[in-house]
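# Breakdown of the fold
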Amino acid sequence: MLRTLSILVENRTGVLNRITNLIARRGFNIESIAAGPTQDPTITRITLMLLCDEERLQQVIRQLLKLPDILMVRDLTPVDHFSRELAFIKVRSDEQARMNILQVVNIFRGHVIDVSPTTMTIEISGREDKIKAIQEMLVPYGILEIVRTGPIAVERGDRSMNVSTSG
């Protein structure tokens, strides 16, 4: 089962490396990883996607919490969070194809972020199924390159992963 972990860490050198090493030593493949600053510049949020069962996931969480600089770890169930990812898709585009590509981009609420005489680069954000769907629609035009962030996630409603660093 694909699981989403949201991890708050102190923004220090080597933290991400320690996390990925711990997971790799336990035989897991990280399906996706995204990291970035939070509202507090001393704290980074890491969103990990792992393929594992409940028992092994709980073992990983316990091990993560033992690492230095880990402030909080949450297993986000599909019901209690939402996630999105960002993708850039560069496609071949001559004059004849350009209007058709723009129609596809508009249907998926994407944006054209670059145009050259022979290519267009599209920015799209959404769930994985949306990214895959637009990708399939653009295949006939010739996809030259795809860059994806992997999902980022946040809990719904009042639940929040805030850590007080004062003290």
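It should be noted that the structure appears before, not after, this text.
Attention here is on the structure that accompanies the text. Every value quoted in this text rests on a predicted model; they were computed, and no experiment measured them.

## Quick notes on unusual backbone geometry
Of note, Asp69 is a non-glycine position whose phi angle comes to about 75 degrees, a positive value. Unlike most non-glycine residues, Arg109 shows phi in positive territory, near 55 degrees. Counting through the fold element by element, Arg109 comes out in the loop between α3 (95-107) and β6 (111-115). Overall, Arg109 belongs to the exposed group, its relative accessible area being 70%.

## Points about a nonpolar patch on the surface
A cluster of nonpolar side chains, Phe88, Ile113 and Val147, forms an exposed patch at the surface whose accessible area comes to about 230 Å². Tracing the backbone shows Ile113 in strand β6.

## Structural notes on the environment of Ile134
As for its position among the elements, Ile134 is in helix α4 (residues 128-138). Overall, Ile134 belongs to the buried group, its relative accessible area being 0%. The sequence separation of Ile134 and Val115 amounts to 19 residues, and the corresponding C-alpha distance is 18 Å. Beyond its immediate chain neighbours, meaning those up to four positions away, Ile134 contacts Ile89, Val104, Val105, Phe108, Ile122 and Ile124.

## A word on helix α1 (residues 15-25)
Listed as buried for α1 are Val15, Ile19, Leu22 and Ile23. Along the axis of α1, the buried positions cluster into a sector of 95 degrees, meaning they face one direction only. Along α1, the residues that are exposed and aim more than 90 degrees away from the buried face are Ala24 and Arg25. Buried positions along α1 lie against β1 (2-10), β2 (30-37), β3 (43-51), α2 (54-66) and β4 (70-76).

## Regarding α4
Count 3.6 residues to each turn of an α-helix, and residues three or four apart come out pointing the same way. Burial in α4 covers these residues: Ile131, Ile134 and Leu138. In an axial view of α4, the angular spread of the buried residues amounts to 70 degrees, which keeps them on one side of the axis. Where α4 is buried, its residues contact β5 (81-92), α3, β7 (119-126) and β8 (143-148).

Rules behind the numbers
- Residues numbered from 1 in each chain as written.
- Predicted model: local features only at pLDDT ≥ 70, side-chain atom pairs only at ≥ 80, totals over all residues.
- Heavy atoms only, no water.
- Helix = DSSP H or I, 4+ residues; strand = E, 2+ residues; numbered from the N terminus.
- Buried < 20%, exposed > 50% of the residue type's maximum accessible area, 1.4 Å probe, protein only.
- Patch = residues over 30% accessible without salt bridge, like charges linked within 9 Å, V, L, I, M, F, W, Y side chains within 5 Å.
- Areas by Shrake-Rupley, 256 points an atom, 1.4 Å probe, with all protein chains shown as cover.
- Salt bridge = Lys/Arg side-chain N within 4 Å of Asp/Glu carboxyl O.
- Contact = heavy atoms within 4.5 Å.
- Arc of directions from axis to C-beta.

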